[in-house]
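Descriptive structure summary
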Amino acid sequence: MRVIEREEVARRLTYEMCIPIVRDAMIAFSRGETRQHLRSIIPLAKGALGIMPGALGESAPFGAKLISVYPGNPATGRQAHQGLVVLFEPENGEPVGVVHAGEITSIRTAAASAVATGALARPECRRLLILGCGEQAVTHARAIPKVRDIASIAVWGRSAERAQAFAERMSAELGLPVTPVAEVEAALADADIVCTVSGAREPILKGAWVRPGTHLNLVGSSVAGPVEVDDALVVRARFIADSREGVLRQGAEFLHAKDAGLIGDDHIAAEIGQVLAGDIAGRRSPDEITVYKSLGHVVQDLASAWALMG
């Protein structure tokens, strides 16, 4: 059995490699070609355990991701997401690989946002705003410029010191101006693309602040409960899900607006895989606000991990 550690994942799973892998996986998911259960989440004292089984097809590689989520880990220099992706080959059902799940999750999540941005953001978008300054902020800063000609990045964090450190680090790495901002509302006046990757449990972004034509990737909340944006944004936006079932069960921002009686299930306009396949329109006008709600799905993990087995 092959074991692929974090360092190898980080070195080999580039965004140029991962973005098309995730794109194809989400098309296959929306076509019903893949197999997966809705993830199970077990709350723990300091975090949670996620169990995510799935298959890339009836006669394709299959497996599961076992992932712990410990929000306090980054403060001690550890990844918040840690675990394993276990891979089985389809011919005889043998386990053939174990891959570092934290690094897979970090890269494929940003790659999925890049896929959605490529499909939904206006072609001329140049200014990226990232809300949050942790690991997913780093990977999104790396991934989004792969699909749009980003000229500048603004970053907001609840800690001004961490936002400043993030800006200095990523500006040096990317060769782009990366600027910390103090107020989300003011930063939205210039943003074309917004990625919410915070650990916020209450809205840090209000729909009234978002200008027409903006595209947003909502990433930070992956379970029912914590919300990064308010109901007004959900109501205003053309709402695209990675998984319709997943959002209806675990998409916190959508469920909050639904529980308030502001929207129904039909407010989910499409899955991103349907947009990518050309089955349902994504952005319909330059002034439309588009939202991609990312929960993350095991087919993204399995496809990314399996590619590393070659």
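Just so you know, these numbers come straight off a predicted model, no measurement behind them. (Residues numbered from 1 in each chain as written. Predicted model: local features only at pLDDT ≥ 70, side-chain atom pairs only at ≥ 80, totals over all residues. Heavy atoms only, no water.)

A separate point is the overall build of the chain. Each helix and strand in the chain was counted, giving 11 helices and 15 strands. A compact globule built from 310 residues should have a C-alpha radius of gyration of about 19 Å, and the chain, at 18 Å, falls within 12% of that. Taking the principal axes of its C-alpha atoms as reference, the chain extends roughly 55 × 40 × 40 Å. The buried share of the chain, taken over its 310 residues, is 54%. Taking as baseline every contact in the chain between residues at least 6 positions apart, the subset at least 24 positions apart corresponds to 70%. For the chain, the distance from the average position of its 32 positive side-chain charges to the average position of its 36 negative side-chain charges is 2 Å. (Helix = DSSP H or I, 4+ residues; strand = E, 2+ residues; numbered from the N terminus. Rg over C-alpha atoms; globule rule 2.2 N^0.38 Å. Buried < 20%, exposed > 50% of the residue type's maximum accessible area, 1.4 Å probe, protein only. Contact = heavy atoms within 4.5 Å. Lys, Arg positive; Asp, Glu negative; His and termini not counted. Charge placed at Lys NZ, Arg CZ, Asp CG, Glu CD.)

Right, let's talk about the environment of T214 for a bit. Following the sequence through the fold, T214 ends up in the loop between β11 (193-196) and β12 (215-218). Residues T214 and D287, spaced 73 residues apart in sequence, show a C-alpha to C-alpha distance of 7.7 Å. Once residues within four sequence positions are removed from consideration, T214 is found in contact with A191, D192, V194, R283, E288, I289 and T290. A distance of 2.7 Å separates a polar side-chain atom of T214 from the backbone oxygen of R211. (Polar contact = N/O pair within 3.5 Å; in protein donor to acceptor, adjacent residues only side chain to side chain.)

Read from one edge to the other, the open sheet built from 8 strands follows the order β10-β9-β8-β11-β12-β15-β13-β14, with strand pairing classed as parallel. Lying at the two open borders of the sheet, with one neighbouring strand each, are β10 (178-180) and β14 (268-271). On average, each strand axis in the sheet is inclined to that of its neighbour by 20°, with strand direction left out of account. Across 4 bridges, the pairing between strand β13 (residues 238-241) and strand β15 (residues 290-293) is parallel. Pairing of F239 across the sheet is with V291, part of β15. (Pairing = 2+ DSSP bridges. Axes fitted to C-alpha atoms, helices over the stretch in contact; angles between N-to-C directions.)

Attention shifts here to the pairing of strand β5 (residues 62-69). Here 8 bridges tie strand β4 (residues 48-55) to β5, and the two strands are oriented antiparallel to one another. Considered in β5, the bridge of A55 is made with F62. From the end of β4 to the start of β5, which pair antiparallel, there are 6 residues. Where β5 and strand β6 (residues 81-88) come together, 8 bridges link them in antiparallel fashion. By the bridge assignment for β6, G63 is matched with L87.

Turning to the nonpolar core, a few remarks are in order. Counting 59 residues, the largest nonpolar core has V9, V99, L128, I130, I153, F166 and I272 as the members making the most contacts within it. Among the elements that make up this core, the one with the highest residue count is helix α3 (residues 101-120) (10 residues). If we ignore the near neighbours within four places in the chain, the residues touching I130 are A137, H140, A141, I153, A154, V155, W156, F166, C195 and V197. Counting 29 residues, the second-largest nonpolar core is a separate cluster that includes L188, L216, A257 and L295. (Core = buried A, V, L, I, M, F, W, Y, C linked by side-chain atoms within 4.5 Å.)

Here the second largest pocket is characterised by a volume of approximately 160 Å³. Taken together, R127, L128, L129, S152, I153, A154, T179, V181, A186, A187, D190 and A191 make up the full set of residues lining the second largest pocket. For the lining of the second largest pocket, the residue count by class is 8 nonpolar, 2 polar and 2 charged. (1 Å grid on protein atoms, 1.4 Å probe; cavity = no way out; pocket = protein on both sides within 12 Å on 5 of 7 lines; lining within 4 Å. Points joined across faces, edges and corners; volume = space filled by probe spheres on them. Nonpolar A, V, L, I, M, F, W, Y, C, P; charged D, E, K, R; others polar.)

Attention now moves to helix α4 (residues 135-143). Burial analysis of α4 places 7 of its 9 residues in the buried class, which makes it a mostly covered element. Here α4 has its buried residues at Q136, A137, V138, T139, H140, A141 and A143. As for α4, its buried residues are in contact with α2 (15-30), α3, β8 (127-131), β9 (152-156), α5 (160-174) and β11.

Moving on to the pairing of β6. Two strands pair when backbone bridges link them, and β6 and strand β7 (residues 95-100) are joined in this way by 5 bridges, in the antiparallel orientation. Across the sheet, F88 pairs through a bridge with P95, a residue of β7. In this antiparallel pair of consecutive strands, β6 and β7, the connection spans 6 residues, and G93 shows a positive phi of 75°.

As far as function goes, none of this settles anything; it's purely spatial.
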